[in-house]
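These are the residues of each chain, in order.
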Amino acid sequence: MALIPVRENEVATVVTTLEMRKRPPLRPLPAAPLRLVHWPAPDPDRYRTLFRRVGAPWLWFSRLVIEQAALLRIIHDPAVQVFAAIDAAGIEVGMVELDFREHGACEISYFALIPELAGRGLGRWLMAEALARAWNQDVTRVWLHTCSLDHPSALNFYRKQGFEPVRRTVETFVDPRLSGHLPPEAAPHVPVLRRR
């Protein structure tokens, strides 16, 4: 067994890919004080604001560094569906992004609620909404990935929803807090390595 060094300005994470190969049994959707609103062709600034809000605690940065034209090609593609979870005050508190660009499959590209909503059962509601929309299309596979930087319960949550782990990879990237794409206080559970 060998330890593989990671550069001081990088972060490493273990990524687990999970999939669902058949529609889960129909269950009543859990009640929630939220509603899911489709954002057809979302404004990129509004999209990135929500992405940062729900993803910064977990070091989500990919949609913050992608070129605007490339981002628009994704989020304005008719085969990509972006949804915002909205609370009773009209505040955006979560997001789901469903990507149907691969024939017969749906990737749940992004799935999150703000951390303040953790532990209230709202993740089950959001996943039920996401799965209902995913399986409503002509697909035979719904898949997603999570990583060791995510909420500590994320992997078990996805498994309880019916997803099966199928692959594990390691990803390294420049720490987005050091590059300025996320604030230094983001993801306090992941230490920033300082040069000696």
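The following refers to the structure shown. (Residues numbered from 1 in each chain as written. Predicted model: local features only at pLDDT ≥ 70, side-chain atom pairs only at ≥ 80, totals over all residues. Heavy atoms only, no water.)

**Here we look at the overall build of the protein chain**
Stated precisely, the cut-off is as follows: Numbering of helices and strands runs from the N terminus; a helix is a DSSP stretch of H or I covering at least four residues, while a strand is a stretch of E covering at least two. Should any heavy atoms of two residues lie within 4.5 Å, those residues are considered in contact. The protein chains shown are the only cover counted for residues, whose accessible areas, like all others here, come from Shrake-Rupley with a 1.4 Å probe. Neither His nor the chain ends is counted toward charge; the positive residues are Lys and Arg and the negative residues Asp and Glu. Charge placement uses NZ in Lys and CZ in Arg. For Asp and Glu, CG and CD serve respectively.
Along the backbone of the protein chain there are five helices and seven strands. Helices (α) and strands (β) of the protein chain occur, in sequence order from the N terminus, as β-β-α-α-α-β-β-β-α-β-α-β. Based on the C-alpha atoms only, the size of the protein chain along its principal axes is roughly 55 × 40 × 35 Å. Within the protein chain, contacts between residues separated by at least 24 positions form 69% of all contacts whose residues are at least 6 apart in sequence. Of the roughly 11,300 Å² that the protein chain leaves accessible, carbon and sulfur atoms contribute 54%. Of the side-chain charges in the protein chain, 25 are positive and 21 negative, and the distance between the mean point of each set is 5 Å.

**Observations regarding the packing of aromatic side chains**
What counts, and what does not: Any Phe, Tyr or Trp ring, taking Trp's six-membered ring, that has another such ring centre within 6.5 Å forms a pair; planes under 30 degrees apart are called stacked, those over 60 apart edge-to-face, and the others tilted. When a residue's accessible area, from a 1.4 Å probe over protein chains only, is under 20% of the maximum for its type it is buried; when over 50% it is exposed; and in between it is partly exposed.
Evaluation of the coordinates by the stated rule reveals nine aromatic pairs. Plain terms: the ring middles of Phe51 and Trp60 are 5.3 Å apart, the flat faces sit at 45° to each other, and that makes the pair tilted. With relative accessibility at 15%, the residue Trp60 sits in the buried group. Ring centres 6.1 Å apart and planes at 25° place the aromatic pair Phe111 and Phe157 in the stacked group.

**Comments concerning the pattern of salt bridges**
What counts is decided by this rule: A pair is scored as a salt bridge if a Lys or Arg side-chain nitrogen falls within 4 Å of a carboxyl oxygen belonging to Asp or Glu.
By the definition in use, this model includes eight salt bridges. By sharing partners, the salt bridges in this structure join Glu19, Arg21 and Arg141 into a single network.

**Section: the sheet that holds strand 4 (residues 92-99)**
The condition that has to hold: A strand pair is defined by DSSP finding two or more bridges across the two strands. Between N-to-C directions, angles span 0 to 180 degrees; the directions come from axes that are lines fitted to C-alpha atoms, helices contributing only their stretch in contact.
If you trace the seven strands from one edge of the open sheet to the other, you get 2-3-4-5-6-1-7, paired in mixed fashion. Two strands close off the open sheet at either side, each with one partner strand: strand 2 (35-38) and strand 7 (164-174). Ignoring which end each strand starts from, the neighbouring axes of this sheet average 25° apart. As defined by bridge partners, strand 5 (residues 105-113) adjoins strand 6 (residues 141-147) across three bridges and the pair is classed as parallel. Note on strand 6: the bridge partner recorded for Glu107 is Trp143. Strands strand 3 (80-86), strand 4 and strand 5 of the sheet are contacted by helix 1 (residues 44-55), whose axis makes an angle of about 105° with strand 4. In this fold helix 4 (residues 122-135) packs onto strand 1 (10-20), strand 2, strand 3, strand 4, strand 5 and strand 6, with an angle of close to 160° to the strand it touches most, strand 5.

**Quick notes on helix 3 (residues 68-75)**
This is how it is decided: Along the arc lie the directions from the helix axis toward the C-beta atoms.
Of all the positions in helix 3, only Ala70, Leu71, Ile74 and Ile75 are classed as buried. An end-on view of helix 3 places all buried positions within 120° of arc, on one side of the element. On its buried face, helix 3 is in contact with helix 1, helix 2 (62-65), strand 3 and strand 4.

**Looking at the packing of helix 1 against helix 3**
Each pair of packed helices can be described by the angle between their axes along with the distance between the axes. Heads up, the rule is: In this scheme, roughly parallel covers angles under 35 degrees and roughly antiparallel covers those over 145, while 65 to 115 is roughly perpendicular and the rest are oblique. Only Asp, Glu, Lys and Arg are considered charged in this grouping, and only Ala, Val, Leu, Ile, Met, Phe, Trp, Tyr, Cys and Pro are considered nonpolar; every other residue, Gly among them, is considered polar.
Two elements in contact, helix 1 and helix 3, have axes separated by 11 Å at closest approach and are oriented at 85°. Relative to helix 3, helix 1 is oriented roughly perpendicular. In this structure, helix 1 contributes Pro44, Tyr47 and Arg48 to the contact, and helix 3 contributes Gln68, Leu71, Leu72 and Ile75. For the contact of helix 1 with helix 3, the class distribution of residues is five nonpolar, one polar and one charged.

**Observations concerning the environment of Thr16**
By secondary structure assignment, the location of Thr16 is in strand 1. Counting along the chain gives 60 residues from Thr16 to His76, while the straight-line C-alpha distance between them is 27 Å. Beyond its immediate stretch of four places on either side in the chain, Thr16 contacts Leu144, His145, Thr146, Leu155, Pro165, Arg167 and Arg168.

Shape descriptors only; they carry no functional weight alone.
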